[in-house]
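In case you want the letters, here they are:
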Amino acid sequence: MFKLARQAAIAVLAMITMAGTDAFAQNCENVRFGDEAERKPQNVGRDIVGRSLDDIQERGSIKIAVYEDFPPFSYKENGILKGVDIEIGKLIAADLGVEAQFIVTAADENVDGDLRNNVWRGKLIGGQISNVMLHVPYDRELGCRNEMVVLNGQYYNEQLAIAYRKDAYPEDPPVPAYFRFDTVGVENDTLSDFYLTGFARGQLVSNMRRYPSASDAMSALANGEVMAVMAPLSQLEHDLTEGLAVHSPPFPGLAKSSWTLGLAVRHNWRPLSYAVDDAIRYAVEDGRMAKIFEDHGLTYTQPDW
């Protein structure tokens, strides 16, 4: 299963690793949605598609979908669900005057599948629909392809970065070209994996080490199994230990090395979408959002509205 969805590095990012590719130039009417490109999305009953803002406030709780086993955003520690997205979900609920109920979900093959399973249709077998889904890329083409959802509530700009051993690079931090000679870890089937595999016509492949997760790659870095790790900055910072450092160098040939994270709400609950968007914006403007990230040891980069 691809982990691009879970990292919010949507599939289009993996397809535009050659600089100059104008992947965002299409109009919405030209965007196709997989095998169902010529068909309207399925409509489902009110009882399973989420709730209006009034319904949520009357019920006293809001259902928020988050990715499972995804530190530092949503994960369990000693049986307790925690992370950046958990705190953001609680912030949204508090602003609406309700309780946050989290639906922990596994990533599908891509973000489109995650939106279908968690926001507007539901899984074919089991599962439940959320009112809001967090950690969704705020991307124009993603929104065009998924007309059953509204993307908003931008709360963070993620970016790719490289963590490295200070003793291996005492003077200059490594850049991708260094990995023609030095070992580098990546999470399997992610944007970092795709990018380094294709870099310099495959010259880095022999020095790449693939791991099940970014945390596993960072453990290997701390143990000296690799000299560096490439992954999203937040995941690297979460697992930094003594003797390690991180930086965000240029990534030649990669047209998009950063992306904005937001949330998704089903399209026919616009008042809820507006209310949640306001809650996020207020938190960004008054510093509460930055504090959530700082409390988790992460560098906060405000989204560009």
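Every residue gets a number counted from 1 within its own chain, in the order that chain's sequence is written. Selection of residues for local features in this predicted model requires a pLDDT of at least 70, selection of side-chain atom pairs for listing and counting requires 80 or more, and totals for whole chains, interfaces and linings are taken over all residues. Only heavy atoms go into the side-chain values, all of them from the structure, while hydrogens and water stay out.

## Thoughts on the packing of helix H3 (residues 84-96) against helix H9 (residues 270-285)
And then number 1: Convention adopted: a line fitted to C-alpha atoms gives each axis, helices being fitted over their contacting stretch, and angles between N-to-C directions are expressed from 0 to 180 degrees. Numbering of helices and strands runs from the N terminus; a helix is a DSSP stretch of H or I covering at least four residues, while a strand is a stretch of E covering at least two. Interaxial distance between H3 and H9 falls to 9 Å at its minimum, and their mutual angle equals 115°. Regarding the angle of H3 to H9, the classification is roughly perpendicular. Remark: the crossing between H3 and H9 carries right-handed chirality. Contacts between H3 and H9 pair Ile88, Leu91, Ile92, Asp95 and Leu96 from the former with Leu272, Ala275, Val276, Ala279, Ile280, Tyr282 and Ala283 from the latter.
And then number 2: Looking at the contact of H3 with H9, its residues break down into eleven nonpolar, no polar and one charged. If an angle is under 35 degrees, it is roughly parallel; if it is over 145, roughly antiparallel; if it lies from 65 to 115, roughly perpendicular; otherwise it is oblique. By convention the crossing between two helices is left-handed if the near helix lies anticlockwise of the far one by an angle smaller than a right angle, and right-handed if it lies clockwise. Any two residues whose heavy atoms approach within 4.5 Å at even a single point are treated as in contact. When residues are grouped by polarity, Ala, Val, Leu, Ile, Met, Phe, Trp, Tyr, Cys and Pro land in nonpolar, Asp, Glu, Lys and Arg in charged, and all others, Gly among them, in polar.

## Description of the confidence of the model for the chain
And then number 1: Within the chain, residue pLDDT values average 86, and 83% of them lie at 70 or more.
And then number 2: Across residues 8-26, where pLDDT falls below 50, the model places 42 contacts with residues more than four positions away in sequence or in other chains.
And then number 3: Counting interchain partners and residues more than four positions distant, the pLDDT-below-50 stretch residues 33-50 has 30 contacts. Values of pLDDT, ranging from 0 to 100, describe the predictor's confidence in every residue of the model.

## Examining the pattern of salt bridges
And then number 1: One side-chain nitrogen of Lys or Arg within 4 Å of one carboxyl oxygen of Asp or Glu is enough to make a salt bridge. On inspection of all chains with the given rule, the structure shows seven salt bridges.
And then number 2: Salt-bridge contacts for Asp167 lead to Arg165; the nearest nitrogen and oxygen are separated by 3.1 Å.
And then number 3: Lys291 is the partner of Asp295 in a salt bridge, and the nearest nitrogen-oxygen pair spans 2.9 Å. Note that Asp295 and Lys291 are positioned in helix H10 (residues 288-295) at a spacing of four residues, about one turn of the helix.

## Re the environment of Ala100
And then number 1: You can see Ala100 is positioned in strand S4 (residues 99-105).
And then number 2: The spacing of Ala100 and Glu87 is 13 residues in sequence and 9.8 Å in space, taken between C-alpha atoms.
And then number 3: Excluding residues within four positions of it along the chain, Ala100 makes contact with Ile62, Ile64, Gly89, Lys90 and Ala93.

## Description of the packing of aromatic side chains
And then number 1: Between 30 and 60 degrees the pair is tilted, below 30 it is stacked and above 60 it is edge-to-face, where a pair is any two Phe, Tyr or Trp rings, Trp via its six-membered ring, whose centres lie within 6.5 Å. What the rule picks out here adds up to eleven aromatic pairs.
And then number 2: Relative to Tyr156, the ring of Phe73 lies with its centre 6.3 Å away and its plane at 50°, an arrangement referred to as tilted. In this pair, Phe73 sits in the loop between strand S1 (61-67) and strand S2 (75-77) while Tyr156 sits in strand S6 (residues 149-165), placing the two residues 83 residues apart along the sequence. Tyr156 matches Phe73 in its accessibility class, with the two residues each being buried.
And then number 3: Between the aromatic rings of Tyr164 and Tyr169, the centroid separation amounts to 6.1 Å while the plane-to-plane angle is 85°, which identifies the pairing as edge-to-face. The burial state of Tyr164 is the same as that of Tyr169; both residues are buried.
And then number 4: Following the ring pairs from residue to residue traces out a cluster consisting of Tyr67, Phe70, Phe73, Tyr156, Phe293 and Tyr300. For the exposure calls, accessible area comes from a 1.4 Å probe over protein chains only, and a residue counts as buried if that area is under 20% of its type's maximum, exposed if over 50%, partly exposed in between.

## What about H9?
The α-helix winds at 3.6 residues per turn, so residues separated by three or four positions along the chain end up facing the same way.
And then number 1: In this analysis, the expected span of each helix is defined as 1.5 Å times one less than the number of residues it contains. Between its first and last C-alpha, H9 extends 22 Å over 16 residues, near the 22 Å set by a 1.5 Å rise per residue.
And then number 2: Within the span of H9, buried status applies to Leu272, Ser273, Ala275, Val276, Asp277, Ala279, Ile280, Ala283 and Val284.

## Description of helix H6 (residues 191-198)
And then number 1: Of the residues making up H6, those classed as buried are Leu191, Ser192, Asp193, Tyr195 and Leu196.
And then number 2: Two residues or fewer after H6 comes Ala200, characterised by a positive phi angle close to 50°.

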